[in-house]
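# Breakdown of the fold
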Amino acid sequence: MGSNPPKRADVRKQPQRYIKSVEVQKRQGAPLREEWFNCNVELNPGLVAIVGNKGSGKSALADILALGGNSQHDERSYSFLNQTRFRNPREDKSIHFKAELTWQSDQVRRYGLSDSPDREDVERVRYIPQSHLEQVCNEITSEGGGTFDQELRAVIFSHIPVAERLGKQSLDALLAYLGEETFDRINVLQGELSKTNREIAALEADASPERKREIEKRRTAKLRELSVLKNNEPKAQPKPDTDPATTKAMQEIQVSIDAARTLVGTLEAAVDAAAQERKSLLSQIATADKILQRVRNFEDAYSQLEQETREDLEALGLDWEDLVKLQVDTEAVKTLHAELANKEAATRARLDTENEESETSRLTLAKQDITRLQNLLDAPTRRHQEYVTAHKEWVDAVASLESDIEDPDSLASLNAELQRIAELPAQIAGHESERGAICRRIHEQIVGLQEHYRKLYQPVQDFILKHQTLAESIQLSFDVRISETNLADELAEWIDKGRKGSFQGAEDGVARIKDIVGRHTFDGTEGLEAFLDEFMQALKNDVRHEKPRPMSTATQLKGNRTAAALYDFLYGLSFLKPRYALKMEGKELFELSPGERGLLLLLFYLLVEKNNRPLILDQPEENLDNETVHEVLVPSIKLAKQRRQIIVVTHNPNLAVVADADQVIAASIDKKHLCRVTYESGALENPKVNRRVVRYLEGTLPAFMKRDKRYIR
């Protein structure tokens, strides 16, 4: 041991880390008749075992020590100082008692047994009541999160060397800093993805069965309209024969009408040409505007990048201009934009009905002139001219109905639309291929984040490998995996389960979503793509039928949701995150039995947690078999007590005797004499304490001896 044992040296070096004693007394003048506590218990800085029969005050002492050490547990986690026992509101006994916790540094904390933890002060002890282990075990899922996940991240951070923390105060802050550029890249890719998804959603809307049926109905209606029109061709009116004088006058008027009709034809062609030219110019102007706006967005992004990077460059002694030089010249686009705008204004003037010189106004006058001239004709000639006009209009109407591609209601347009719909699946497939490629790139970025995670957990992994108990006996290890977070629940929020489709039905729909999500993993692209393919197949087809029926995504969503937004969520992978996983023998916490989980958590608190504040354990052997207690828990406690004070409440002789407790505190209660609780303390070698240990943990010495004789050696 030497002149100064290691434990004694550590106590002198860090006296604020070891509890020296606790004193509990009834408040002066308290009206409570029962005695309960009047004790002063000194504590060894090593392993302290608290033993006793059930209801003897063991857990009471653990609770009192935890409260004095400002454990942040809710009072519901306490075994004794809770509202069903000592703090029962109908007769709150805790208000009558006070305590003093003294540290080896002689710092004293005075508190009442009815007090609550100070949430603004530091937690100076780690308390693990049995209820806490059960709570943590029950909340652990494959998705992570919860109390233990937070503690796991805090412990990993505690093992990272200070210099490698880069001035950050938590693991989350450090990961956010290290992954900042990756997250920015993901945001850019998600922007590209969103554009592609909008195109896919628009094409799907056009290609939907409902859309195709609508076009076919309109086409059928147009065919009926065309049939009616063809059956109503204007009745021919022959050119009349009149006397020569009248014929000459009529011929002169006819010549003027023909000239006017020629002018109308010329002006109609000019108006159509002007309209087409203006349409083209407006399209080019919109394209130029888009280019200019895109450049402005780029300049803004460049400016933001400069602001974000300048401070880091200055830290390295560099200037932004040494890294990037930007030259933007939009004059050519602006000049072209101005030219196009001038041409569009001139073309618009040619179509302006308020402009007397425009082709549109001249066309109106020419048509009016034809009407005026026709009124000068005699009745037979006028009827013939009216027929000529009507027949031309009929011919134009038939042509327009059959072949005017500019008219969205013409048969030519409707036929073209049906042809386009037939070609849409191939276009959608092309965009889906592009979307899949972007999704894989996003997944690659998320997988890349794993390297940051692995690098940060390496110090704690190295720490584990140094301990044979952890490395060999139970093969404790860390890993990082990509996992989804609440994916099934979030997807269920998108679907209107009252509508027809694979996910119809409040219960059946949610069950199908959970089934699809639950059968896939997301670490690799194969698992991710298998999930996306299966979910999209169920979304685009009602798979409840033996022969799946095609469905439209948009018709299955809630009213405020869009197909494009759903695709952004699915393929943008915001539900995927790297997550730390603590494993035992290759299995994660959620895959272990309740007993295995409890053991793993105990070992985590005993050996992996780097903080060396006192550790108080309330019956850690609960749900563990004696072999595991002896082979795993005992060596772990013996190892942990070398660097921190361990206080354990136990009914198991392995933890008090085999673990070589430095001090045993035997608790007892005299219910016949005012519920007086006493604590007798000493080493195992103390005969009085030894007898109490044998009685409480072995069921008396004769019982122990009888068992000893029956065992075959």
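This section reports on the structure supplied with the text.

Rules of the game
- Residues numbered from 1 in each chain as written.
- Predicted model: local features only at pLDDT ≥ 70, side-chain atom pairs only at ≥ 80, totals over all residues.
- Heavy atoms only, no water.
- Helix = DSSP H or I, 4+ residues; strand = E, 2+ residues; numbered from the N terminus.
- Expected span 1.5 Å × (residues − 1).
- Contact = heavy atoms within 4.5 Å.
- Phe/Tyr/Trp six-rings, centres within 6.5 Å; stacked < 30°, edge-to-face > 60°.
- Buried < 20%, exposed > 50% of the residue type's maximum accessible area, 1.4 Å probe, protein only.
- Lys NZ or Arg CZ within 6 Å of the ring centre and 35° of its normal.
- Pairing = 2+ DSSP bridges.
- Axes fitted to C-alpha atoms, helices over the stretch in contact; angles between N-to-C directions.
- Salt bridge = Lys/Arg side-chain N within 4 Å of Asp/Glu carboxyl O.
- Lys, Arg positive; Asp, Glu negative; His and termini not counted.
- Polar contact = N/O pair within 3.5 Å; in protein donor to acceptor, adjacent residues only side chain to side chain.
- Core = buried A, V, L, I, M, F, W, Y, C linked by side-chain atoms within 4.5 Å.
- Bend = angle between axes of the 7 residues up to and from the residue.
- Patch = residues over 30% accessible without salt bridge, like charges linked within 9 Å, V, L, I, M, F, W, Y side chains within 5 Å.
- Areas by Shrake-Rupley, 256 points an atom, 1.4 Å probe, with all protein chains shown as cover.
- Charge placed at Lys NZ, Arg CZ, Asp CG, Glu CD.

Let us look at helix α7 (residues 209-230). For α7, which comprises 22 residues, the first-to-last C-alpha distance of 31 Å matches the rise-based estimate of 32 Å (1.5 Å per residue) to within 8%. Lining the buried residues of α7 we find α12 (379-403) and α13 (411-465).

Taken as a whole, this structure holds 19 aromatic pairs when the rule is applied. With centroids separated by 5.9 Å and ring planes inclined at 90 degrees, the aromatic side chains of F37 and F80 adopt a geometry described as edge-to-face. Of this pair, F37 sits in the loop between β1 (19-26) and β2 (39-42) while F80 sits in the loop between α2 (58-68) and β4 (97-103); the two residues are 43 residues apart in sequence, bridging distant segments of the chain. Each member of the pair F37 and F80 is classed as buried. In this structure an aromatic cluster arises from ring pairing among W494, F503, F522, F531, F535, F569 and F575. Sitting above the plane of the F157 ring, R165 keeps its charged end 4.7 Å from the centroid. Sitting over the ring of W494, R561 keeps its end group 4.3 Å from the ring centre.

Here we come to the sheet that holds strand β13 (residues 646-649). Ordered in space as β6-β12-β13-β3-β14-β15, the 6 strands form an open sheet in which the pairing is mixed. Each having just a single partner strand, β6 (126-128) and β15 (676-682) make up the two edges of the open sheet. Ignoring strand direction, the axes of neighbouring strands in this sheet form an average angle of 15 degrees. Of the pairings in the sheet, the one linking strand β14 (residues 663-670) to β15 comprises 7 bridges and is antiparallel in character. Counted as the bridge partner of A667 is Y679 from β15. Across the sheet, helix α19 (residues 594-608) touches β6, β12 (615-618) and β13, and the angle it forms with β12 is around 160 degrees.

A separate point is the pattern of salt bridges. Scanning the model with the defined rule gives 41 salt bridges in all. A salt bridge links D409 to R218; the shortest N-O distance between them is 2.7 Å. Taken together, the positions of D409 in the loop between α12 and α13 and R218 in helix α7 put the pair 191 residues apart, joining distant regions of the chain. The partner of D515 in a salt bridge is R519, with the nearest N and O atoms 3.2 Å apart. According to the relative accessible area criterion, R519 is partly exposed, its value standing at 46%.

Once that is clear, we can look at the side chain of E621. If you trace the backbone, E621 turns up in the loop between β12 and α20 (626-640). The charged side chain of E621 is buried without a salt bridge, its nearest counter-charge being K54 at 8.4 Å. Among the polar contacts listed, one links the side chain of E621 to the side chain of T650, at a separation of 3.2 Å.

Take the pairing of strand β10 (residues 576-584) next. Of all 9 residues in β10, 8 are buried; the element is thus mostly enclosed. Sheet topology note: the strand β7 (residues 476-484)/β10 ladder contains 9 bridges and is antiparallel. Following the sheet pairing, I482 is matched in β10 by P578. Bridging between β10 and strand β11 (residues 587-588) involves 2 bridges; their strand directions are antiparallel. The partner of M584 across the bridge, within β11, is K587. Hairpin connection of β10 to β11: 2 residues between the antiparallel strands, including E585 at a positive phi of 55 degrees.

Grouped together as the largest cluster of nonpolar side chains are 61 residues, with contacts concentrated most on F148, F478, Y580 and L606. The leading source of residues in this core is α19, at 10 residues. If we skip the residues at most four places from it in the chain, Y580 touches D149, L152, R153, I156, L171, L175, Y453, L456, Y457, D479 and V480.

The next thing to look at is the environment of K547. Inspection of the secondary structure assignment puts K547 in the loop between β8 (541-542) and β9 (549-550). For K547, a relative accessible area of 70% puts it in the exposed group.

Two orientations exist for strands paired in a sheet by backbone hydrogen bonds: parallel and antiparallel. In spatial order, the strands read β2-β1-β4-β5; together these 4 strands make up an open sheet with antiparallel pairing. Each edge of the open sheet is held by one strand with a lone partner, namely β2 and β5 (108-112). Each adjacent strand pair in this sheet contributes to an overall mean axis angle of 15 degrees, direction not counted. Pairing of β1 with β4 involves 7 bridges; the strand directions are antiparallel. What sits directly across from V22, in β4, is L101. Its contacts with the sheet place α2 against β1, β4 and β5, and it is angled at close to 115 degrees to β5.

With 15 residues, α20 extends 20 Å from end C-alpha to end C-alpha; this agrees with the ideal 21 Å at 1.5 Å per step. Its axis deflected by about 35 degrees at L633, α20 carries its strongest bend there, up to four residues before the proline P635. Those residues of α20 lying buried are T628, V629, V632, L633, V634, S636, I637 and A640. The N-capping residue of α20, defined by a side-chain oxygen 3.2 Å from the backbone nitrogen of E627, is D625.

Let us now look at a negative patch on the surface. Side chains of E180, E181, D184, E308, E311, D312, E314, D319 and D322 sit close together on the surface and give a patch of like negative charge. Where the negative patch is concerned, the elements lending two or more residues are α6 (180-207) and α8 (244-315). With 4 residues, the single largest contributor to the negative patch is α8. Following the sequence through the fold, E311 ends up in helix α8. A relative accessible area of 62% places E311 in the exposed class.

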